[in-house]
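# An overview of the molecular structure
Now for the letters of each chain:
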2 protein chains.
Amino acid sequence: MQAYDQRHEDILDSAESLFAQQGFHATSMRDIARAACISVAGLYYYLPSKQHALSFVCERIFDRLEAGTAESARYSDPYERLSAFVRGHLRYLLTNNRSYRVLLHDMQALDRESSSGVRVRRRRYFQSLVDLLAELEPHAEGNARVAAGALFGMLNWAPTWYREEADGDVEATAERLTELFLRGFRSSALVAEASS
Amino acid sequence: MQAYDQRHEDILDSAESLFAQQGFHATSMRDIARAACISVAGLYYYLPSKQHALSFVCERIFDRLEAGTAESARYSDPYERLSAFVRGHLRYLLTNNRSYRVLLHDMQALDRESSSGVRVRRRRYFQSLVDLLAELEPHAEGNARVAAGALFGMLNWAPTWYREEADGDVEATAERLTELFLRGFRSSALVAEASS
DNA sequence: ATTCGAATCGAATGAACGTTCGATAGAACG
DNA sequence: CGTTCTATCGAACGTTCATTCGATTCGAAT
């Protein structure tokens, strides 16, 4: 049933866009129905509940985020792998309108059973960067977790200040941030190594 | 009217706590009333509207944030000034429960006229860090804005990964992040200088 | 031609929302 | 003692919310 699936995706597109703009709790099922050009009752033919809508939207966003960073695994050089990861992550944040907001702001609105899947994926995604950093600087030891948190912060915050006309395209910004982070991480690791 | 002001503050405390935990739109006036041990109607003796409650809460949070970083101005050395700024900023984020969330997530729920004041303060706060960084590395030129964005990202994201038992106290974490950022910022600036 | 299931809708349901109203208790003041 | 003012409340207002129900359309299958 291709038609059904297509409509389902379109409706999730509308929901995702509204959640990203206004937040989950500020968006009503009527808003979603209006945006998707369907009646409110018709919406429930495709979505069991508003909670499920949020759950579906979160999963989709994660799919895309992971698809964008998965190419980093193709590189054998750890530096290139990190660089590709940052590029993929940042590209998702800075394009796709502002749908990353749903993950960052509205994921907490998921009830317990719906959220467990997404939370596991989030932890794994975080851990993949920790591992990458640990491989890049084996002497960093316990620093990798803090460094991963710092790097994710740098990246996740970028949409609040990034302006294409002032900062160049996404690739250039990704490289600047990678360099900024990596120089700090490397020399901190060297200090930690020297003092041990 | 000391009693009135005290009660007013108590009510804002309750509102702030609930906004931080659940978000603005997920918090009802009935929730606030229950937390503050007052009737719903009684709430309106102290607050003109829910929007005003959010506005008051945001202003209070900014007051405390600025009070915590204001001491950095006492130092003449730019490095120490940055270090103190980071310490003050991070101390606010990592203590005071999770009230920073109201600024980061719910400020956008303010309507146009209520938000202009807070938005101006936010811009000024950001600019103060840009200026500080520009002073620290005069050769960095246009990098200061991006660097300030990166640093704020590192700091604002910290509450999502920080755990006292694993990362030490707030001061130690502030110093680690300051070093991590500053080593990267300085060597990036040197590169930019050398290539010009 | 009749049946059937997929897709859609208008209308309703009960609950919760932000806000307002009129009343009341008690302290302060003349 | 009577009046005024501050702080408080229960009850209601009209609106919106997420969700459900029963009915309808329409192309495909029998």
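Right above here is the structure, for reference.
These notes cover the structure that comes with them. (Residues numbered from 1 in each chain as written. Chains lettered and ligands numbered in written order. Predicted model: local features only at pLDDT ≥ 70, side-chain atom pairs only at ≥ 80, totals over all residues. Heavy atoms only, no water.)

## Digging into the overall build of chain A
Here is the rule: Each helix corresponds to a stretch of at least 4 residues labelled H or I by DSSP, and each strand to a stretch of at least 2 residues labelled E; elements are numbered beginning at the N terminus. For every residue, the accessible area (1.4 Å probe, protein chains only) is compared with the maximum for its type, and the residue is labelled buried under 20%, exposed over 50%, or partly exposed between those bounds. Computed with the Shrake-Rupley method and a 1.4 Å probe, the accessible areas treat only the protein chains shown as cover for residues. Counting rule for charge: Lys and Arg are taken as positive, Asp and Glu as negative, and neither His nor the chain ends is counted. In this description, the location of a charge corresponds to atom NZ of lysine, CZ of arginine, CG of aspartate or CD of glutamate.
Tallying secondary structure elements over chain A gives 10 helices and 0 strands in all. Its helices and strands in sequence order give chain A the pattern α-α-α-α-α-α-α-α-α-α, from N to C terminus. In chain A, which comprises 196 residues, the share counted as buried stands at 49%. A total of about 9400 Å² of accessible surface is found on chain A, and carbon and sulfur atoms cover 50% of it. Taking the average place of the 23 positive charges on the side chains of chain A and the average place of its 27 negative ones, the gap between the two points comes to 5 Å.

## A short note on the interface of chain B and chain A
Put simply, the test is: Whether two residues are in contact is decided by their heavy atoms: any pair within 4.5 Å suffices. Here's the idea: put two parts together, see how much 1.4 Å probe accessible area each one loses, and the total over both is what we call buried area. The rule for a salt bridge is simple: a side-chain nitrogen of Lys or Arg has to be within 4 Å of a carboxyl oxygen of Asp or Glu. Definition of a polar contact: a pair of N or O atoms within 3.5 Å, with one able to donate and the other able to accept a hydrogen when the atoms are protein atoms, and with sequence-neighbouring residues admitted only if both atoms are side-chain atoms. Ten residue types, Ala, Val, Leu, Ile, Met, Phe, Trp, Tyr, Cys and Pro, are classed as nonpolar, four, Asp, Glu, Lys and Arg, as charged, and the remainder, Gly among them, as polar.
With 35 residues of chain B in contact, the opposing surface of chain A contributes 35 residues. Buried area between chain B and chain A, both sides added, is near 3000 Å², and the carbon and sulfur share of it is 59%. Looking only at chain B, the three residues that lose the most surface to chain A are Arg145, Trp157 and Leu180 of chain B, adding up to 21% of its buried area. Where Arg145 of chain B meets Asp167 of chain A, a salt bridge forms, and the shortest distance between an N and an O atom there is 3.0 Å. Counting across the interface, chain B meets chain A through 10 residue pairs in polar contact (both at pLDDT 80 or more). Mapped onto the side of chain B that touches chain A, the elements with two or more residues apiece are α1 (2-22), α6 (100-106), α8 (143-157), α9 (164-167) and α10 (170-194) of chain B. Considered class by class, the residues forming the side of chain B that touches chain A number 15 nonpolar, 13 polar and 7 charged.

## Some remarks on the protein's contact with DNA strand C
For clarity, the cut-off: Being near a molecule or strand, for a residue, means having at least one of its heavy atoms within 4 Å of it.
Taken together, the neighbourhood of DNA strand C is formed by 17 residues, with Ser39, Ala41, Tyr45 and Tyr46 of chain A together with Tyr44 of chain B sitting nearest. Backbone sugar and phosphate groups make up 54% of those atoms of DNA strand C lying within 4 Å of the protein. Between Tyr45 of chain A and DNA strand C, the recorded distance is 2.2 Å, taken from a side-chain N or O atom to a phosphate oxygen. Between DNA strand C and the protein, one listed contact pairs a phosphate oxygen with a backbone N or O atom of Met29 of chain B at 2.8 Å. Taken together, the elements giving at least two residues each to the surface near DNA strand C come down to α1 (2-22) and α3 (40-46) of chain A together with α2 (29-35) and α3 (40-43) of chain B. Considering every element that reaches the surface near DNA strand C, the biggest residue donor is α3 of chain A, with 4 residues.

## Thoughts on the packing of helix α8 (residues 143-161) of chain A against α8 of chain B
What counts, and what does not: Axis lines are fitted through C-alpha atoms, for helices just across the contact stretch, and the angle between N-to-C directions can take any value from 0 to 180 degrees. Orientation labels follow simple angle bins: below 35 degrees gives roughly parallel, above 145 gives roughly antiparallel, 65 to 115 gives roughly perpendicular, and whatever is left gives oblique. For any pair of crossing helices, the crossing counts as left-handed if the nearer helix is rotated counterclockwise from the farther one by less than a right angle, and right-handed if it is rotated clockwise.
Where α8 of chain A meets α8 of chain B, the axes come as close as 7 Å, and the angle between the chain directions of the two elements is 120 degrees. On the basis of their axis angle, the class for α8 of chain A and α8 of chain B is oblique. Where α8 of chain A crosses over α8 of chain B, the handedness of that crossing is right-handed. Contacts from Gly149, Ala150, Phe152, Gly153, Met154, Asn156, Trp157 and Trp161 of chain A in α8 of chain A reach Arg145, Val146, Gly149, Ala150, Phe152, Gly153, Met154, Asn156 and Trp157 of chain B in α8 of chain B. Its residues assigned to classes, the contact of α8 of chain A with α8 of chain B comprises 10 nonpolar, 6 polar and 1 charged.

## Points about the protein's contact with DNA strand D
The full set close to DNA strand D counts 18 residues, and Tyr44 of chain A together with Ser39, Ala41, Tyr45 and Tyr46 of chain B are the nearest of them. When the atoms of DNA strand D within 4 Å of the protein are grouped by moiety, sugar and phosphate amount to 55% of the total. Among the secondary structure elements, those contributing two or more residues to the surface near DNA strand D are α2 (29-35) and α3 of chain A together with α1 and α3 of chain B. Of the residues forming the surface near DNA strand D, the biggest block, 3 residues, is contributed by α3 of chain A. Each residue belonging to the surface near DNA strand D can be placed in one class, and the counts come to 9 nonpolar, 5 polar and 4 charged.

## Comments concerning the relation of the copies chain B and chain A
To keep it simple, the criterion reads: Least-squares fitting of one copy onto the other uses the C-alpha atoms of those residues that reach a pLDDT of at least 70 in both copies.
After a rotation of 180 degrees and a shift along the axis of 0.0 Å, chain B superposes on chain A with an RMSD of 0.0 Å. This pairing of chains is accounted for by a two-fold axis. Of the C-alpha atoms belonging to chain B, the one lying closest to the rotation axis is found on Gly184 of chain B, 1.8 Å away. A share of 100% of interface residues in chain B that are also interface residues in chain A marks the association as one of identical surfaces.

## A few points about a positive patch on the surface
The line we're drawing: Two distance rules govern patches: like charges are joined within 9 Å, and nonpolar side chains (Val, Leu, Ile, Met, Phe, Trp, Tyr) within 5 Å, applied only to residues with over 30% relative accessible area and no salt bridge.
Taken together, the side chains of Arg112, Arg119, Arg122 and Arg123 of chain A define a basic patch exposed on the protein surface. Its place among the elements puts Arg122 of chain A in helix α7 (residues 112-136).

## Concerning the packing of helix α5 (residues 78-94) of chain B against helix α7 (residues 112-136) of chain B
Residues and elements named next belong to chain B. Interaxial distance between α5 and α7 falls to 9 Å at its minimum, and their mutual angle equals 150 degrees. On the basis of the axis angle, α5 is roughly antiparallel to α7. In terms of crossing hand, the pair formed by α5 and α7 is left-handed. Together, Pro78, Tyr79, Arg81, Leu82, Phe85 and His89 of α5 and Tyr125, Ser128, Leu129, Leu132, Leu133, Glu135 and Leu136 of α7 make up the contact between the two elements. By residue class, the composition of the contact of α5 with α7 is 9 nonpolar, 2 polar and 2 charged.

## Focus: α7 of chain B
Residue and element names in this part refer to chain B. Rules: A helix is expected to span 1.5 Å multiplied by its residue count minus one. A residue's bend is simply the angle between two axes: one fitted to the seven residues ending at it, one to the seven starting at it.
Look at α7: 36 Å from first C-alpha to last across 25 residues, which is about the 36 Å you get at 1.5 Å a residue. By the largest-angle criterion, Val118 marks the main kink of α7, which is about 25 degrees. Within α7, the full set of buried residues consists of Ser114, Ser115, Val118, Arg121, Tyr125, Leu129, Val130, Leu132, Leu133 and Leu136.

## As for the pattern of salt bridges
Tallied over the full model, the rule gives 30 salt bridges over all chains. Glu59 of chain A is paired through a salt bridge with Arg121 of chain A; the nearest N and O atoms lie 2.6 Å apart. In this pair, Glu59 of chain A is assigned in helix α4 (residues 50-70) and Arg121 of chain A in helix α7, connecting sequence segments 62 residues apart. For Arg121 of chain A, a relative accessible area of 14% puts it in the buried group. With a closest N to O distance of 2.5 Å, Glu135 of chain B and Arg81 of chain B form a salt bridge. Taken together, the positions of Glu135 of chain B in helix α7 and Arg81 of chain B in helix α5 put the pair 54 residues apart, joining distant regions of the chain. On the basis of relative accessible area, Glu135 of chain B is assigned to the partly exposed category, the value being 44%.

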